[in-house]
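Descriptive structure summary
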Number of protein chains: 4
Amino acid sequence: MKPFLHAFRVPFHELDPGGVLFHAHLFVHAHEAYEMLLREIGFGLNRLLKEGKLAIPLVRATADYRHPMHLDERIEIALQVREIGRTSFGLEYRFLHDAKCCATAATTHVVINRCSGQPVPLPAGLVSGLKGYLSEGT
Amino acid sequence: MKPFLHAFRVPFHELDPGGVLFHAHLFVHAHEAYEMLLREIGFGLNRLLKEGKLAIPLVRATADYRHPMHLDERIEIALQVREIGRTSFGLEYRFLHDAKCCATAATTHVVINRCSGQPVPLPAGLVSGLKGYLSEGT
Amino acid sequence: MKPFLHAFRVPFHELDPGGVLFHAHLFVHAHEAYEMLLREIGFGLNRLLKEGKLAIPLVRATADYRHPMHLDERIEIALQVREIGRTSFGLEYRFLHDAKCCATAATTHVVINRCSGQPVPLPAGLVSGLKGYLSEGT
Amino acid sequence: MKPFLHAFRVPFHELDPGGVLFHAHLFVHAHEAYEMLLREIGFGLNRLLKEGKLAIPLVRATADYRHPMHLDERIEIALQVREIGRTSFGLEYRFLHDAKCCATAATTHVVINRCSGQPVPLPAGLVSGLKGYLSEGT
C-alpha cells in the first residue's frame, strides 16, 4: 500500500558543527510524521490529550543513518505501518531526499490506560486506520 | 545580595554550523537555572505541577549576546531577582565564562490560577524566597 | 508594506507539561521564518555557509507572550524588517493564530567578517532585499 | 569492567504534555555521556573539530523505553563500549533512576576522513581508551 507522506525542510538550528542534521532530530521529525498520520486517521494526539483516558507511549525507537542531511534540503518521510498487534503497533520511516534514502527509522508504540498504566487493546478505529498504511509484504 | 548560581557545559548538540551556541538554547539554560532557584526556595515546578492550582507562565524573555559560547565551555549563570510585583516577578541572568560575560537575559513570570487563567497574588512563601536573591540597587 | 509570511503547526514535542508551547521554541520558529526570508531575497544561510566570508550573528532577541499556543494550532508568523542600519538590521515577528496575536518577538542581527569577527557594512543586495519588507511607519 | 558514568536531571523543557521525558531527548543525553567519555579518554570532539581531519558520524541509534522519567529525577547513565571494530565502535547506555533501569540505548559510530567521507581505521589512542570501558562478556 501507499505510504503516508510528510515533508520537512532541514532547518539551521538542527545542524551540528559539521553542517549536517544532528541525529536525534531525526526522531523528532519521525514523531511529527506520526502525529500527522494519527490526525489523518482520526486519532490525533490532541483528541487523546483532551479525552485523557488513553496514552500511546513509545517503547522502542531505532534509526539508521546512511547519508547526511544538509541545510534547506527538502526531506520527505514515507511512513508505513510495519505491524499491528493486540496492544501495540510498529511504524517504519524512510527519509528521502530526491531519490536517495538518507535514513530509515522504526518506532513501536503501546496503547495504555492512563490511570492504570497498563496496556489495553488498540481501539477498533485505530486498527482500521493503521491498516490503510500497512507496508508491503506484511 | 549574592546571585543564585547554576552552571552548565556547552554540549555538542546546541552548537550551530559555525561552532557556537545557537541563540535559542540560551533561554533553555536560563529556564533550568530558574527551575533550580524555585527548588532552592521551596517552590519547585514539580510541586506546582502536582498541586495543580497555580501556574507561572513566562510573559516576556529577552537576551543580549556579547560573545559566542563554544563546545565544552563551562558557563556559569548568575541569576538575580530584578523585581517582585503583586502578581509577577522578574529575573535577570548573566552568562559567565571565566571572567567574561558572554550574554545576559531577563524573564518576566506571572502567577496565575490554572483554572481561571487569571493572575493571582504571589504566594507569601514565594515572595520571601525570591527576596533572598534580589539584585543590588533594587 | 506587506510582511513576509511563514506558517508552522505546533508539534507535540514543543509542548510543556501544561500542554502549551514552551517559550524558547518561539525563537526557533522566528529563526526559521528569518531563514526563509533570507532565501526569498537571495541571501540564504546556505550560501553564506558555503562562501564562508560573512556571518550574521544574532545579538539581541526578545519575545512577549500573550496567549498560549496549543497542539496542532497553525501559527502564522508575520515578519517585518524593523530597522536597517549600517552593519546591522532588526526584525520583528507577530505570531498569529486565526485573528489573534499570540506572541511578538524581535531580533537584531549584525553582519560580521568571519575571520576578523568585526562588523562590516551590509551587502547592497541584502539591504535592497530587506527593504522590501520594511514595517509601516519606519 | 566498570561503566563510564554521567548523570543529568530531567529538566522541565524536555517533558511532554503527559509530564514525562519526550523520547527523542534520550538520544541527546546519550550523546552528552558519549562526549564526556571521549573527553575522558583524550579524544574530545572539541579536539576533533579543531584538527578537522576526522569525523565520527553516528550511523545507528536505538533505544528501549521501560519506565517514564519525570521532572527533577536524577538519571545516571552507565555507558559501556559494546564493540570495537576496525573503523567503527558500538556503545551501550543504561539510564538508571535509583536502582531502576528506565531505558537502554545503543549507538554505532564510524570514524571517517572528513575530506573523502570514507571510513578509516580507528586511531590507536581511541582504541586503547575505549578498551577501558568494554562491557562484560565482550
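Residues numbered from 1 in each chain as written. Chains lettered and ligands numbered in written order. Predicted model: local features only at pLDDT ≥ 70, side-chain atom pairs only at ≥ 80, totals over all residues.

1. A short note on the overall build of chain A
Cut-off, in case you're wondering: Labels follow the DSSP assignment, with helices taken as runs of H or I lasting at least four residues and strands as runs of E lasting at least two, numbered in each case from the N terminus. To get the radius of gyration, use the C-alpha atoms; to get the globule rule, take the number of residues to the power 0.38 and multiply by 2.2 Å. The exposure scheme places C-beta atoms from the backbone and then counts, for each residue, the other C-beta atoms within 10 Å of its own, assigning buried at 20 or more, exposed at 12 or fewer, and partly exposed in between. We call two residues in contact when the distance between their C-beta atoms, placed using the backbone, is within 7 Å.
A count of helices and strands for chain A gives three helices and seven strands. Reading the secondary structure of chain A in the N-to-C direction produces β-α-α-β-β-β-β-β-β-α. In terms of overall dimensions, chain A is globule-like: its C-alpha atoms have a radius of gyration of 16 Å, near the 14 Å expected for 138 residues. The principal-axis extent of the C-alpha atoms belonging to chain A is close to 45 × 30 × 20 Å. In chain A, which comprises 138 residues, the proportion classed as buried is 37%. Relative to all contacts within chain A whose residues are 6 or more apart in sequence, the contacts with residues 24 or more apart total 69%.

2. Comments concerning the relation of the copies chain D and chain A
To be explicit about the condition: The atoms used to superpose the copies are C-alpha atoms, taken from residues with pLDDT of at least 70 in both, and the fit is least squares.
Of the transformation superimposing chain D on chain A, the axial component is 0.0 Å and the angular component is 180 degrees, with the fit at an RMSD of 0.0 Å. One copy is carried onto the other by what is essentially a two-fold rotation axis. Among all C-alpha atoms of chain D, that of Thr-62 of chain D lies closest to the rotation axis, at 2.0 Å. A high fraction, 100%, of the interface residues of chain D reappear at the interface in chain A, so the copies pair face to face through one surface.

3. Some points on the interface of chain D and chain A
Accessible area lost upon the coming together of the parts serves often as the stated size of an interface. Filter applied, for reference: Polar here means any residue outside two lists: the nonpolar Ala, Val, Leu, Ile, Met, Phe, Trp, Tyr, Cys and Pro, and the charged Asp, Glu, Lys and Arg; Gly therefore counts as polar. Two strands form a pair only when DSSP identifies at least two bridges running between them.
Across the boundary between the two partners, chain D contributes 18 residues, which contact 18 residues of chain A. The set of elements that each furnish at least two residues to the side of chain D that touches chain A consists of helix H1 (24-40) and strand E3 (58-65) of chain D. For the side of chain D that touches chain A, the element with the most residues is E3 of chain D, which contributes eight residues. Residue composition of the side of chain D that touches chain A, by class: 12 nonpolar, four polar and two charged. Pairing analysis gives five bridges linking strand E3 (residues 58-65) of chain A to E3 of chain D, with the strands arranged antiparallel. The residue bridging Thr-62 of chain A from the neighbouring strand is Thr-62 of chain D, located in E3 of chain D.

4. Quick word on the interface of chain C and chain B
With 18 residues of chain C at the interface, the matching set in chain B holds 18 residues. Among the elements that line the side of chain C that touches chain B, the one with the most residues is strand E3 (residues 58-65) of chain C, at eight residues. The class makeup of the residues in the side of chain C that touches chain B is 12 nonpolar, four polar and two charged.

5. Observations regarding the pairing of strand E5 (residues 88-97) of chain A
Residue and element names in this part refer to chain A. One ladder, built from eight bridges, connects strand E4 (residues 74-84) with E5; its direction is antiparallel. In the sheet register, Val-81 faces E5, and the bridge partner there is Leu-91. Where E5 meets strand E6 (residues 100-110), 10 bridges bridge the pair, whose relative direction is antiparallel. Residue pairing across strands places Phe-95 opposite Ala-103, the latter belonging to E6. Counted between consecutive antiparallel strands, the loop separating E5 from E6 contains two residues, among which Asp-98 sits at a positive phi close to 50 degrees.

6. Notes on the sheet that holds E6 of chain A
Stated formally: In this analysis an axis means a line fitted to C-alpha atoms, helices contributing only their contacting stretch, and an angle means the value between N-to-C directions, from 0 to 180 degrees.
Taken together, 10 strands build an open sheet; the order of strands is E1(A)-E4(A)-E5(A)-E6(A)-E3(A)-E3(D)-E6(D)-E5(D)-E4(D)-E1(D) and the sheet is antiparallel. Two strands close off the open sheet at either side, each with one partner strand: strand E1 (4-9) of chain A together with strand E1 (4-9) of chain D. The average angle at which neighbouring strand axes cross in this sheet is 20 degrees, direction not considered.

7. A word on the relation of the copies chain C and chain B
Of the transformation placing chain C onto chain B, the axial shift is 0.0 Å and the rotation is 180 degrees, giving an RMSD of 0.0 Å. Here 100% of the interface residues in chain C have copies in chain B that are interface residues too; the copies meet face to matching face.

8. A look at the nonpolar core
Note the cut-off: The term nonpolar core refers to a set of buried Ala, Val, Leu, Ile, Met, Phe, Trp, Tyr and Cys residues connected through C-beta atoms within 7 Å.
Among the nonpolar cores identified, the biggest contains 141 residues, and Phe-27 of chain A, Leu-26 and Phe-27 of chain B, Leu-26 and Phe-27 of chain C together with Leu-26 and Phe-27 of chain D are the most heavily contacted of them. Setting aside its immediate chain neighbours within four residues, Leu-26 of chain C contacts Leu-21, Ala-63, Phe-95, Ala-103 and Ala-105 of chain C.

9. Brief notes about the environment of His-67 of chain D
Residue and element names in this part refer to chain D. Along the polypeptide, His-67 turns up in the loop between E3 and strand E4 (74-84). For His-67, a count of 13 C-beta atoms within 10 Å translates into the label partly exposed. Setting aside residues no more than four positions away along its own chain, His-67 makes contact with Lys-100 and Cys-102.

10. So, the sheet that holds strand E1 (residues 4-9) of chain B
One open sheet accounts for 10 strands, arranged E1(B)-E4(B)-E5(B)-E6(B)-E3(B)-E3(C)-E6(C)-E5(C)-E4(C)-E1(C); its pairing is antiparallel. Because the sheet does not close on itself, it has two edges, and the strands there are E1 of chain B together with strand E1 (4-9) of chain C. When strand polarity is set aside, the average angle formed by the axes of neighbouring strands in this sheet is 20 degrees.

11. As for unusual backbone geometry
All names here are of chain C. Positive phi, normally seen in glycine, also occurs at Asp-72, with a value near 75 degrees. Even without being a glycine, Asp-98 presents a positive backbone phi close to 50 degrees. Relative to the elements of secondary structure, Asp-98 occurs in the loop between strand E5 (88-97) and strand E6 (100-110).

12. Considerations on helix H1 (residues 24-40) of chain A
Note that an α-helix has 3.6 residues per turn; residues three or four places apart therefore point the same way. Residue and element names in this part refer to chain A. Stated formally: A helix is expected to span 1.5 Å multiplied by its residue count minus one.
If you check H1, its first and last C-alpha atoms are 25 Å apart, about what 17 residues at 1.5 Å a residue would give, namely 24 Å. For H1, the tally of buried residues reaches 12 of 17 residues, placing the bulk of the element in the interior. Those residues of H1 not exposed but buried are Ala-24, His-25, Leu-26, Phe-27, His-29, Ala-30, His-31, Ala-33, Tyr-34, Glu-35, Leu-37 and Leu-38. Phi for Gly-42, located one or two positions after H1, is positive at around 85 degrees.

13. Observations concerning the environment of Leu-126 of chain B
For Leu-126 of chain B, the location among the structural elements is in helix H3 (residues 124-131). Separated by 85 residues in the primary sequence, Leu-126 of chain B and Ile-41 of chain B have C-alpha atoms spaced 7.3 Å apart.

Distances and angles like these do not, on their own, reveal function.
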